[in-house]
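Structure assessment
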Amino acid sequence: MDLSLLQALEREKVLEVLQRDKLLRNTEEDRIRKLKIELQEIRRKGAKNFSLQYSERTCARCQRPLGKFWNSGAVCQGCSHRICNRCRVGVSNLDWKCTVCHAYREVKIKSGDWFLEEKAKKYPHDTDSHETIGEKLLKSYQRLSQIAVVPPTPPPYYGSPTFNRYGEVKSMKKPFTKSMEDLMFSITSHVRKFSKSQEDLRLKQELLTVDKSRRPSIVQKSFSDTNINTSVINLSNVPSLPNLFKKGKNDDHSCSSSGGDEELSQSSENSELKRGGSFRSSGADSGFHEVSSVTGELELTVDFNDTTSCLEITVKCCRNLSCGDTKRKKCHPYVKVSLVLETTRCIKLRTPVKRNTTDPIYNEVLQFPLDRSLLTQSRLQATVWHSGTLKKKVFLGEVVIRLDGWMFEDGTAHSSCWYSLSPKPECPEGGAIESSSSGELLVRMKFSSLSQPTWDCHTDEVHIRLHDVGQLTVVVVGAKNLPAKSNTSQNTYIKGYLVLPGPRELVQKSPVLKRKPGPEWSHQLVFSKVKPSELHICTLNLELWDHTPFTRSDRLLGGAIMEAESSWRLVSQAPNIWHDFTLPVQTNAHGRRT
Amino acid sequence: MFSAVSTMTDGDYDYLIKLLALGDSGVGKTTFLYRYTDNKFNPKFITTVGIDFREKRVVYTASAPNGTTGKTFKVHLQLWDTAGQERFRSLTTAFFRDAMGFLLMFDLTSQQSFLNVRNWMSQLQANAYCENPDIVLVGNKADLPDQREVQEKQAKELADKYGIPYFETSAATGSEVDKAVITLLDLVMKRMEQCVDKPSPDPANGGGATKLEDAAPDQKKCAC
Ligand SMILES: Nc1nc2c(ncn2[C@@H]2O[C@H](COP(=O)(O)OP(=O)(O)O)[C@@H](O)[C@H]2O)c(=O)[nH]1
Ligand SMILES: [Mg+2]
Ligand SMILES: [Zn+2]
Ligand SMILES: [Zn+2]
C-alpha cells in the first residue's frame, strides 16, 4: 500500500488528512503516556510487601493486618493476592478486583491497548501493527519525498512560506470544523455572497484541482490547508537557497569508534562511581536490542543507610521476564541500577548475570555512596538486560523511580516492592537518566514579522481579519563534535519544538537525511503564528534523531535548547535577517517518542 | 446515555474511539457524518478523495447494573470517511484495520448499493481488526420515499442474518442519524469491556454479536 498510485493532487489531499490525523495521534500519545505513568504510581503504592508475604495475614495492597476469621480478606481473581475489603473495586461482593488489578484493566481500556491486542491476534505476523495505516503512509511518504522537501521559497507576495505542516494545521483546527468539505463549503458559500453567480461551482472545481495560478486570490489567502497542498507541490520546482547552507567542515568525526565506547561502558558498569562526563545511555549501547514485548516485574528494596551514608538498593529478583534470545530460547538476565544526581552525576552498579532463567533471584545489595541531602534530587533507573553472546545485550525492560517523594523515615523504604517493567519509550524519563554535554549545533534563525490576513468562519459568515503574526524560521546548518554514536547512525533528522506561552507547542520535523560526511539538515523548520511579543519568552528544543526503520521507535541522539531571553531579543529586534547561534548538544536530553 | 460536549479541549477525554463509514459512492457517507458532527446538511455532492475524518466529543454514562446511572466519561470520536469508488479501494480498505466499529451504509433509493452491502461485508471480514467487528447497517436517504428501491423488511432481514442492528436514516433531515452512531458506539464500548474481562485465547469464539462466517447471506433469497 502506498500513495504512489494516486494522482499528485489527490495525494496531497490525502496527506493533508493524514497530517490532521497525526495531530490527533500526538494528543493521544501524550494522554496514554500520562495514563501509564499514573498506573505505575498506583502499582508502586499498592505493591505487595513481599517481606511479609508468608504471614499471608496482611492485605497485599494496604498492608493492613487481616484477621483469621474476621475481616480475613479474599483472594483477588486478577493477581491472586489476599485483599482486604477496603482495597476492592467492583460491582458486587463477588465480582471485584483489587485496586491494582482494577487500575490495570482501566488503563488497558482507556489507552486502546485492548484494540491493539485484538488486532495483533488477527495479524500475528505483523510486527508493527501497533502503528496505524495513516502513520505508516505518512512515514513512508516522508521518506520518499526527501528530495522534494527542500527549503521552500516564499510565495511571491506577503512572503509567508506556508510550508508549515504541523503548526499551521494545528492552529487552524479551532476556527474551522476540520473537514475538507466544510472548508470548501464555507468558502463557496462566502464567494456566492460576493460574486452571486455560478462562480462557486467553477471555484469548487478549481479547489479540487488545486490549480494555484488560476485560482482567484481571494481563495488563496483563505485557508492554510490548501496552501499546504500548493506549497508542497511547488517545492519540487523551487531552487534551494544556495548560499544559506554552506557545507559544514568535516570536523574530526572519527575521534572515537563505537568499539572503544563499548569498552568504556563495560568498565563503568563495574561498580564504580563516575562523575560527569561521558555517560552513555544504556539504550544506546552498540550491541543493543530490545525484546519485542517487555513483560515481567522486578522486586527491589530501596533504603538509606545512615551509618555508611549509602543508598542501598537490594535487587531481589525478577519474574516473567521476556526471553532475551527467542531463537535459542535462552535468557541470561542481569540488572543494572543507575542513580542520577542533579542530572550531572551518575552512578551505575549491576548484579551478576543469572543464566538460563526468566525468573532470576539475585538478592544483591548495591550500595551507592551519597550524602543524604542529595536524595531528593535523585532518580533511580533499573534496567534489566539479557547478556548475549559477543557482548550483545538485549534490553528486557526498565523501571524509573523518583526518590524525591520517597519516605526514608517511615518504614516504607525497608519493604520491597514489585515494579512492573516498561519498555523504553513508555517511560519518558528513561532516556534522560544519563546526560552529558557533547558537541554543538550550528543554528541559523530568522524572525519574519508580517501582518497577515486570516479568515474566520462563523457558520455562513466569513470575516477577514488582520493578525499581527510572525514566523520563526530555523535552519540547522551544521554540527560540531557530536558524540561518536551519532556518526554511526545512517539516517538522521531534526525535530524542533517551539514552546510558547499558553502553553502552545509547535512541532516541526526535517526529512530524514541519509548519512553524509558532515551532517547538515539544511531544512527550514518554520514555526508560524508566533507573535513578536511571545518570542522572547519561548523555548526552542531541537532534537537530533536517528531514524531506525526496523525498530519500534527512533533513537534520540541528542538535543539542544535555546531559551535565553537575550538571544531571543536579538532575533525579534532585528527581524527579517538571519542570526547565527551555537547551541550545546545534550546527549539524551528528555526524549520523546516520534 | 450520550450527550454532546461543546468543547474539544485537547487530550481531555477518557476514550478515543475510531469509527469508520463505508459503502458505495454516493450513498451519503460524507453527508451523514457531517450531519452527525455538525448537525448540518450539505446538498452538494463533493467526492471524497480517498479518506477523510471528522471528530466529535460526546459524554458516555456507564449504566450500573442496578439501573442507576454510573460514572460519566468523555469520548473523543474520530469518524473516518472513506471514498466508495473502486479506484481508491486499496487505500480505503487499508484503513479498515484501525477502526473499532463500522457504519456500513447503503442508499435506500439504490438497489445496487444495497446489493453491494455483501461485498462490503466481505471486505470488512478481510480487512478489519478482527473477524467479527461491531457493525451497524444504515439505509440512508429515508426522506425520499417516492424514490425508494429497498424495502425495510428486506434490509432488516439482511441485518438479522449478520446479527447487526439496522437503521433507516436521513442525513437530510437528521432522522435516526445520532441513534445509529450511538448504537455503534455502545457496541464498541461493550466490546472493550468484554475484551479485557475475558481474555479468551481463541478470539474466533470470544463474544461479539457479529458472525460474518456463519452469516453469509443466502444468495437466492437476497438477490431478488
Ligand atoms: N435527500 C437526501 N440526500 C442525501 C442524503 N444523504 C446524502 N444525500 C445526497 O447524496 C449525495 C451523495 O452524498 P455523499 O455524502 O457525498 O455520499 P458519499 O459518497 O457516500 O460520501 C449528495 O448530493 C448528498 O447531498 C439524505 O439523507 N437525503
Ligand atoms: Mg464521500
Ligand atoms: Zn487493603
Ligand atoms: Zn488483584
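Residues numbered from 1 in each chain as written. Chains lettered and ligands numbered in written order. Predicted model: local features only at pLDDT ≥ 70, side-chain atom pairs only at ≥ 80, totals over all residues. Heavy atoms only, no water.

**Observations concerning the coordination of the zinc ion (ligand 4)**
Around the zinc ion (ligand 4), the donor atoms from the protein are Cys76 of chain A (SG), Cys79 of chain A (SG), Cys98 of chain A (SG) and Cys101 of chain A (SG), and they sit 2.3 Å away. Read in sequence order, the donor residues for the zinc ion (ligand 4) give the motif C-x2-C-x18-C-x2-C. (Donors = N, O, S within 2.8 Å, 3.2 Å for Na, K, Ca; no water.)

**Focus on the coordination of the magnesium ion (ligand 2)**
Residues and elements named next belong to chain B. Within the protein, the atoms that donate to the magnesium ion (ligand 2) are Thr30 (OG1) and Thr48 (OG1), at distances of 2.0 to 2.1 Å. With Thr30 in helix 1 (residues 29-38) and Thr48 in the loop between helix 1 and strand 3 (51-63), the pair connects residues that are 18 residues apart, well separated along the chain. Classification of Thr48 by relative accessible area gives buried; the value is 7%. (Helix = DSSP H or I, 4+ residues; strand = E, 2+ residues; numbered from the N terminus. Buried < 20%, exposed > 50% of the residue type's maximum accessible area, 1.4 Å probe, protein only.)

**Quick look at helix 2 (residues 99-110) of chain A**
All names here are of chain A. Here helix 2 is twelve residues long and its end C-alpha atoms lie 16 Å apart, about the 16 Å a rise of 1.5 Å per residue gives. Every buried residue of helix 2 is accounted for by Val100, Cys101, Ala103, Arg105, Glu106, Val107, Lys108, Ile109 and Lys110. Taken from the residues just after helix 2, Gly112 is the one with a positive phi, measuring 80°. (Expected span 1.5 Å × (residues − 1).)

**Considerations on the sheet that holds strand 7 (residues 297-305) of chain A**
Residue and element names in this part refer to chain A. Taken together, the four strands give an open sheet; going across it, the order is 11-8-7-14, and neighbouring strands pair in antiparallel fashion. Strands with a single pairing partner mark the edges of an open sheet, and in this sheet they are strand 11 (361-369) and strand 14 (416-420). On average, adjacent strands in this sheet sit at an angle of 25° to one another, irrespective of strand direction. (Pairing = 2+ DSSP bridges. Axes fitted to C-alpha atoms, helices over the stretch in contact; angles between N-to-C directions.)

**Section: helix 13 (residues 565-573) of chain A**
Residue and element names in this part refer to chain A. When helix 13 is considered as a whole, its buried residues turn out to be Ser567, Trp568, Val571 and Ser572. Buried positions in helix 13, seen along its axis, are confined to an arc of 130° and lie on one side of it. When the buried face of helix 13 is taken as reference, the exposed residues oriented beyond 90 degrees from it are Ser566 and Gln573. (Arc of directions from axis to C-beta.)

**Focus: the pattern of salt bridges**
Following the criterion strictly, the structure yields 30 salt bridges over all chains and no others. The closest approach of N and O atoms between Asp197 of chain B and Arg105 of chain A, which form a salt bridge, is 2.6 Å. Placement of the pair is Asp197 of chain B in helix 6 (residues 177-197) and Arg105 of chain A in helix 2, with the two residues belonging to separate chains. Residue classification places Arg105 of chain A among the buried residues on the basis of a relative accessible area of 13%. The salt bridge involving Asp98 of chain B is made with Lys119 of chain A; its shortest N-O contact spans 2.7 Å. With Asp98 of chain B in the loop between helix 2 (89-96) and strand 5 (101-107) and Lys119 of chain A in helix 3 (residues 113-122), this residue pair bridges two chains. The class for Asp98 of chain B is buried, based on a relative accessible area of 6%. On the basis of relative accessible area, Lys119 of chain A is assigned to the buried category, the value being 1%. A single salt-bridge network, built from bridges that share partners, covers Lys97, Arg105, Glu106 and Lys110 of chain A together with Asp14, Glu193 and Asp197 of chain B. (Salt bridge = Lys/Arg side-chain N within 4 Å of Asp/Glu carboxyl O.)

**As for the site of ligand 1**
Residue and element names in this part refer to chain B. Close to ligand 1 lie 20 residues, the nearest being Gly26, Thr30, Thr31, Asp143 and Ala171. At three residues, the largest contribution of residues to the shell around ligand 1 is made by helix 1. Considered class by class, the residues forming the shell around ligand 1 number seven nonpolar, eight polar and five charged. (Near = heavy atom within 4 Å. Nonpolar A, V, L, I, M, F, W, Y, C, P; charged D, E, K, R; others polar.)

**Quick word on the environment of Thr48 of chain B**
With 34 residues separating them along the chain, Thr48 of chain B and Thr82 of chain B place their C-alpha atoms 6.9 Å apart. A polar contact of 2.8 Å, which involves the side chain of Thr48 of chain B, links it to the side chain of Thr30 of chain B. (Polar contact = N/O pair within 3.5 Å; in protein donor to acceptor, adjacent residues only side chain to side chain.)

**Comments concerning the nonpolar core**
If you look at the biggest cluster of nonpolar residues, it comprises 37 residues, and the most contacted ones within it are Phe95, Phe102 and Phe106 of chain B. Sequence-distant contacts of Phe95 of chain B, defined by excluding residues within four places in its chain, comprise Leu18, Ile133, Gly134 and Leu137 of chain A together with Leu20, Ile51 and Trp80 of chain B. Among the nonpolar cores identified, the runner-up in size contains 36 residues, and Ile17, Val136, Val138 and Phe167 of chain B belong to it. (Core = buried A, V, L, I, M, F, W, Y, C linked by side-chain atoms within 4.5 Å. Contact = heavy atoms within 4.5 Å.)

**Side note on the state of the cysteines**
A covalent bond between the sulfur atoms of two cysteines is referred to as a disulfide. The full count for this structure, using the stated rule, is zero disulfides over all chains. Among the cysteines around Cys130 of chain B, which has no disulfide bond, Cys195 of chain B carries the closest sulfur, lying 7.5 Å off. (Disulfide = S-S within 2.5 Å.)

**Side note on the environment of Asp107 of chain B**
All names here are of chain B. One can find Asp107 in strand 5. According to the relative accessible area criterion, Asp107 is buried, its value standing at 7%. When the C-alpha atoms of Asp107 and Ser25 are compared, they prove to be 9.5 Å apart, with 82 residues separating the residues in sequence. When sequence neighbours within four positions are dropped, the list of residues in contact with Asp107 reads Gly26, Val27, Ser113, Asn140, Lys141 and Val150.

**Some details on the pairing of strand 9 (residues 333-341) of chain A**
Residue and element names in this part refer to chain A. The element strand 9 is extensively covered by neighbouring structure, given that nine of its nine residues are classed as buried. Residues of strand 9 alternate between two faces, with Pro333, Val335, Val337, Leu339 and Leu341 on one and Tyr334, Lys336, Ser338 and Val340 on the opposite face, all of them buried. Two strands pair when backbone bridges link them, and strand 9 and strand 12 (residues 378-387) are joined in this way by nine bridges, in the antiparallel orientation. Note on strand 12: the bridge partner recorded for Leu339 is Leu380.

**A short note on the confidence of the model for chain B**
Residue and element names in this part refer to chain B. Here chain B averages 85 in pLDDT, and 81% of its residues register 70 or above. The model gives residues 200-224 a pLDDT under 50, and that stretch makes 43 contacts with residues more than four places away or in other chains. Both scores are available for the predicted complex, with the pTM at 0.50 and the ipTM at 0.87. (pLDDT = per-residue confidence, 0-100.)

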